[in-house]
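Descriptive analysis of the structure
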Amino acid sequence: MLDEALEHLVTGIVDHKEDVQVRSKELRRGSVLEVRVHPDDLGRVIGRSGRTASALRTVLTALAGGQNVRIDIVDTDRQR
């Protein structure tokens, strides 16, 4: 559910909507959501001084009900 919500939010921000991918990983400390976007959209998702990324983290933490959720934002040119 969190990955779908994050994908919806990020898709609304970026220009290259087809390149948005969100993968969820479960670790001991909580969930990690990896967001992959087109390199041209990386700045849009991070925002000035990280404000957009911080807002996305805040919304997802609220949706997670206080669980630890980490979001990693990666461009699609970076290797997996």
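Here is a short report on the structure shown in this document.

Cut-off values and rules
- Residues numbered from 1 in each chain as written.
- Predicted model: local features only at pLDDT ≥ 70, side-chain atom pairs only at ≥ 80, totals over all residues.
- Heavy atoms only, no water.
- Salt bridge = Lys/Arg side-chain N within 4 Å of Asp/Glu carboxyl O.
- Helix = DSSP H or I, 4+ residues; strand = E, 2+ residues; numbered from the N terminus.
- Buried < 20%, exposed > 50% of the residue type's maximum accessible area, 1.4 Å probe, protein only.
- Pairing = 2+ DSSP bridges.
- Axes fitted to C-alpha atoms, helices over the stretch in contact; angles between N-to-C directions.
- Contact = heavy atoms within 4.5 Å.

**Here's the deal with the pattern of salt bridges**
In total, this model carries five salt bridges according to the counting rule given. Between Arg 44 and Asp 15 there is a salt bridge; the shortest N-O distance is 3.5 Å. Here Arg 44, found in helix 2 (residues 42-46), pairs with Asp 15, found in the loop between helix 1 (2-13) and strand 1 (21-27); they are 29 residues apart in sequence, far enough to count as distant. Glu 34 is the salt-bridge partner of Arg 36, the closest N and O atoms lying 3.2 Å from each other. Overall, Arg 36 belongs to the buried group, its relative accessible area being 4%. Several salt bridges share partner residues, and in doing so they unite Arg 23, Lys 25, Glu 34 and Arg 36 into one network.

**Here's the deal with the sheet that holds strand 3 (residues 69-75)**
What links the strands of a sheet is backbone hydrogen bonding, and the strands pair in either a parallel or an antiparallel sense. Reading across the sheet, the three strands line up as 1-2-3 and stay open at both edges, with mixed pairing between neighbours. With one partner strand each, in any of the chains shown, strand 1 and strand 3 form the two edges of the open sheet. If you compare each strand with its neighbour and ignore which way they point, the axes differ by 20° on average. As paired strands, strand 2 (residues 30-37) and strand 3 are joined by seven bridges and run parallel to one another. Bridging from a neighbouring strand, Val 32 pairs with Arg 70 of strand 3. Lying over the sheet, helix 1 contacts strand 1, strand 2 and strand 3, oriented at roughly 30° with respect to strand 2.

**What to know about unusual backbone geometry**
Generally, phi is negative for residues other than glycine and the peptide bonds are trans, each holding for most cases. With a phi close to 55°, Ser 49 is a non-glycine residue in the positive phi region. Along the polypeptide, Ser 49 turns up in the loop between helix 2 and helix 3 (51-63). Judged by its relative accessible area of 75%, Ser 49 falls in the exposed class.

**A look at the pairing of strand 1**
Bridge count for strand 1 against strand 2 is seven bridges, and the pairing is antiparallel. Residue pairing across strands places Glu 26 opposite Ser 31, the latter belonging to strand 2. The hairpin formed by strand 1 and strand 2 contains two residues between the paired strands.

**Looking at the environment of Val 22**
Looking at where Val 22 falls in the secondary structure, it is placed in strand 1. Classification of Val 22 by relative accessible area gives buried; the value is 14%. Through-space distance from the C-alpha of Val 22 to that of Val 35 is 4.6 Å; in sequence the pair is 13 residues apart. Not counting residues within four places of it along the chain, the set of residues in contact with Val 22 comprises Asp 3, Leu 6, Glu 7, Glu 34 and Val 35.

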